[in-house]
Structures are given as C-alpha cells and as structure tokens.
Number of protein chains: 2
Amino acid sequence: MSYKFYYWPGIQGRGEFVRLALEQAGADYADVARGSGGVDAMRAFLDGESDGALPYAPPFLQAGDLVVAHAANILLFLGSRHDIAPQDEAGRLWAHQLQLTVTDFVQEIHDTHHPIANALYYEEQKDEAKRHTENFLSIRVPKFLTYFERAIARNPAKSGTLIGDAPTYPDLSLFQLVTGLRFAFPKAMARVEPGYPKVSAVHDRVAALPNIAAYLASDRRIPFNEHGVFRHYPELDA
Amino acid sequence: MSYKFYYWPGIQGRGEFVRLALEQAGADYADVARGSGGVDAMRAFLDGESDGALPYAPPFLQAGDLVVAHAANILLFLGSRHDIAPQDEAGRLWAHQLQLTVTDFVQEIHDTHHPIANALYYEEQKDEAKRHTENFLSIRVPKFLTYFERAIARNPAKSGTLIGDAPTYPDLSLFQLVTGLRFAFPKAMARVEPGYPKVSAVHDRVAALPNIAAYLASDRRIPFNEHGVFRHYPELDA
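Remember, predicted model here, so these are calculated numbers, not experimental data.

Quick look at the overall build of chain A now. For chain A, the helix and strand inventory stands at nine helices and four strands. For 238 residues, the compact-globule estimate of 2.2 N^0.38 gives 18 Å, and the C-alpha radius of gyration of chain A, at 18 Å, lies within 12% of that figure. Reported as C-alpha extents along the three principal axes, the dimensions of chain A are approximately 50 × 45 × 30 Å. Of all 238 residues assigned to chain A, the portion counted as buried reaches 60%.

This paragraph deals with the relation of the copies chain A and chain B. Overlaying chain A with chain B gives an RMSD of 0.0 Å, the required rotation being 180 degrees about an axis along which the chain moves by 0.0 Å. Here the two chains are linked by the operation of a two-fold rotation axis. Residue A:P115 of chain A places its C-alpha closer to the rotation axis than any other residue of that unit, at 2.9 Å. Of the residues that chain A buries at the interface, 100% are likewise interface residues in chain B, meaning the two copies contact each other through the same surface.

Each side of the interface is counted separately: chain A has 51 residues, and chain B has 51 residues. Across the chain A to chain B interface the summed buried area is about 4300 Å²; carbon plus sulfur atoms make up 55%. Considering only the surface of chain A that becomes buried against chain B, A:L54, A:Y56 and A:R154 emerge as the three largest contributors, covering 19% of it. The partner of A:R131 in a salt bridge is B:E128, with the nearest N and O atoms 2.7 Å apart. Applying the counting criterion to the chain A and chain B interface returns 29 residue pairs in polar contact (both at pLDDT 80 or more). Put simply, the parts of the chain that give the side of chain A that touches chain B at least two residues each are β4 (66-69), α3 (71-81), α4 (89-113) and α5 (126-154) of chain A.

What follows concerns the domain arrangement of chain A. All names here are of chain A. Split by domain assignment, chain A resolves into domain 1 (2-81) and domain 2 (89-209). The C-alpha-based centres of domain 1 and domain 2 are spaced at 22 Å. Opposite the 12 residues of domain 1 that make contact, domain 2 presents 15 residues. The contact between domain 1 and domain 2 buries some 1200 Å² in all, and 72% of this surface belongs to carbon and sulfur atoms. On the domain 1 side of the interface with domain 2, the three residues burying the most area are R14, F17 and L20, jointly 43% of the side's total. Our count for the domain 1 to domain 2 interface comes out at zero salt bridges.

A few words on the packing of aromatic side chains. Note on aromatic pairs: each is described by the distance of the centres and the angle between the planes. Residue and element names in this part refer to chain A. This structure, assessed with the given rule, holds 26 aromatic pairs over all chains. Aromatic side chains F45 and F60 sit 5.1 Å apart centroid to centroid with 50 degrees between the ring planes, which places their arrangement in the tilted category. Of the two residues, F45 sits in helix α2 (residues 38-46) while F60 sits in strand β3 (residues 60-63), which places them 15 residues apart along the sequence. Geometrically, the ring pair formed by F136 and F185 is tilted, given 6.0 Å between the ring centres and 45 degrees between the ring planes. Of the two residues, F136 sits in helix α5 while F185 sits in the loop between α6 (169-184) and α7 (186-192), which places them 49 residues apart along the sequence.

Further remarks concern the sheet that holds strand β1 (residues 2-6) of chain B. Adjacent strands of a sheet pair through backbone hydrogen bonds, lying either parallel or antiparallel. All names here are of chain B. Taken together, four strands build an open sheet; the order of strands is β2-β1-β3-β4 and the sheet is mixed. Each of the sheet's edge strands pairs with one partner strand only, and the pair in question is β2 (28-31) and β4 (66-69). When strand polarity is set aside, the average angle formed by the axes of neighbouring strands in this sheet is 20 degrees. Summarising the sheet, β1 and strand β3 (residues 60-63) pair through three bridges and their orientation is antiparallel. Along β3, the bridge assignment pairs K4 with Q62.

Rules behind the numbers
Residues numbered from 1 in each chain as written. Chains lettered and ligands numbered in written order. Predicted model: local features only at pLDDT ≥ 70, side-chain atom pairs only at ≥ 80, totals over all residues. Heavy atoms only, no water. Helix = DSSP H or I, 4+ residues; strand = E, 2+ residues; numbered from the N terminus. Rg over C-alpha atoms; globule rule 2.2 N^0.38 Å. Buried < 20%, exposed > 50% of the residue type's maximum accessible area, 1.4 Å probe, protein only. Least-squares fit on C-alpha atoms with pLDDT ≥ 70 in both. Contact = heavy atoms within 4.5 Å. Buried area = accessible area lost by both parts, 1.4 Å probe. Salt bridge = Lys/Arg side-chain N within 4 Å of Asp/Glu carboxyl O. Polar contact = N/O pair within 3.5 Å; in protein donor to acceptor, adjacent residues only side chain to side chain. Domains from an automatic or database assignment. Phe/Tyr/Trp six-rings, centres within 6.5 Å; stacked < 30°, edge-to-face > 60°. Pairing = 2+ DSSP bridges. Axes fitted to C-alpha atoms, helices over the stretch in contact; angles between N-to-C directions.

Right under this line is the structure:
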C-alpha cells in the first residue's frame, strides 16, 4: 500500500505525529504538499472537490479510496495495518486513548502562544500567552508527564514503553512531545524533565530506532521553527 | 452487556456525548459517580487503583474487564457494539473523524470561559474570555458549522444525517453542540444558526428520537449550569 500524506509543508505541527508513524512502519508514502502543486492538491480536498471523507483540516491521509483525517484517527488506521500498535481490542483502545491524551496536550502546547485566537498573531496576544504559559508549565506539563510516567510504569510487560514489548505509535508521539517541549521551553524542561525518567527513556529509545534515526537525519524531517505547534519564545520559557 | 459509566456528577460536560450514545443505544448502564460513593469509586480509577487502562480524566466507561477513556474513544467502542455507527472500515473512520472534530470544537467552547487556565476561576480571566469569545463567535463557530453543514450535504444517502440513512453517534453529538451553544450564546446563535439549516434539522431529528426524547425528559439528564462546558455568561454573548 502506498499512501499520500497531506499536511502544511513548512512545519512539523500535528502532521509530525503521523510522519513518525509512517517512517517507523517503513511505509511507502508521499508528503504531497511538500512537492510541486501539492498545496493546491491539498486545498482541493479541503474545498470538497474530492470523493471520500471531507477533512476539516490537515493532516489527512489518502489510502486508495480512503481519506482519513485527524492525526489520532490516522494513527488508529495505520496501527491496524502496520506493526506499530497492538491488534487486540483492549490494546487498540488503550493505544488510542493514550493518543487522544497526546492530542489534548498538543492543543494546550499550541495555546501557550495562541491562547486567544488562531486568527491573531502571537504579538497580538503576548500578555495572555505569558499568563497561559505560566500555568501550563507549572501545572499542566507536570500533570501530563506524570500521567505518561505512570502509564509506562504500569505496562505489565515492564518494557519501558507504553504498551507491550516494543515502541508503538503512542511512544513515537511521546518522543515528539519531549523533543518539542525541549525545543520550545529548554529552561523549564531542564528543570522538570528529570522528574520523569521513564518518559525521557522512551524519548531516547524512540530516537534510536533505526527507521526513526534515519528519518531524523534526513531532509524529510522539517526543522522546528516559529510557525508550528512548538515555538521557542524565550520570554515564555520561565 | 451492562456498562459502568464514570463522569463528574454535577455537569453534562464531555460526558454528555457518551450519555447520549448510551441512551440512544438502549444500553444498560449505571452513571456511577451520581450514586452513593460513586465519586470515590471514580477517583480510585484516576489514582491507578484499578486494573486496565489508566484514565487521564473522566469520562471513562467500564465494560467487563475493559476500561475505555476519552469521550471519542468511548464512542468508537460503543459504535462497534451498538447500532449507532457504521460497521465498515471507511464508515467507522469517517464517524470517528467527525467525532474528533466535535472534540476540537468542544475544547474551543470550553476555552470561551477558560482561555488562560482551568485552574483559575472565570472571574480571573474575564477580559481574556471576552476577547477569545469574540473571535470564537465570529470566526470559529461559522467555520465548524459550515463544515458539518457540508458533511450532511455530502452524505450520499441524502438522509439529512451525517452518515447513512439514520442518526449515528456524531449526529447525537451535533445535537448536543447545537443545544449547548443555544444555551450558552442565545443571541449569537439566533443570528448565526439560520445559515445552517441542515445542522438545525439534525438537532430536531435527534431530539425527536424516542430514546433521546425520553432521556431529555428524565432526571438522568443533568440541566445545563455554570459549571460545565457550555455556560451562559451574558457578557460573552455578543
């Protein structure tokens, strides 16, 4: 199966959680919007000029006749076809539950720089962003990381991953969360992360997976910048 | 199958999307936290004193040995067992994609009164809430409702519902969105909603389903109040 993947070409954003899964699965895929005419092709889907499920927004994935949108939904789909998720019902639901918690965390990370409105520039909501981020770093980051730390500790396989014996797609996403938070909030993460050694260990283990390591070293991976979900604004990194 | 459902007892909140599905399915369920000792029982799960998947937060559902958390994930699960969702892969993914868009919309609705932090009172973020809500009502509500209107129009069955010939769980959630927005923002919705007649028609059709009508008239349904996702603060309803 060859996939067509659609996401904004200049950022990692929410698409990165899907890219990591496609790469770890060794899937054959095109990152369409990064190619010539690709953004127009993506917009045609958003404008409803396509068959199949109407995406509300990127990312979405085309697999034959199927169009699957929403990062967590794409991962649910890819998890059913590739060796990056448990295949039994309880395991599938648990993986997806973890992923939906990642989704919530990502939204809160986005809101650190855009608490008022997506339609406004960061500079138009800097004061609110500062207030939001103070709470985010002191309360929300510890709450989410505590949850993932406990989830790893509770894995009956005691493998150091979230589910079973090997990394699954929620581990890939946890890697992305840690990498992104380190980029956006280096001071805060240096202070906080030592309290979550199991989370850090998942980050390191995922980074060392051969497919992921090759991807991270390639130009298929877009560098972090100040347009995506994770942004480094020093004034927010208390 | 008899279910145990866990959610904060005093609000509709994110749990309501699950309650509607359980009611429409005619499922046998207990709303545990509304009963004696129920909140303690719920907290035991959150504290990790249970087997099975660790919930990050309510709502969650217990079904035999399974624990399923996150409203959208619970609906995915219920959709596989009851006649409230398509059963083929494309249909299941499309229903879930719609539901994840509902999830995003709900988060933005919540942020109209809590744009800075959940940990702070509304009164501590009133100015930011006003700014957030202005953008929400003028840009975000039309964008989401336009999406659902188009999705209904694109349904090949031309049934007036989102998927297939009859209401499925995303239709139940769309009903809840409309009902809740009418409660929270009666002036804004009176102005905006006439532009989305298909969405309004789904609301009316779901409200008239026998199981849903019986539920809405029962004391199993918690009235709207100023503690849930949908809150009526007249100063925000421009």
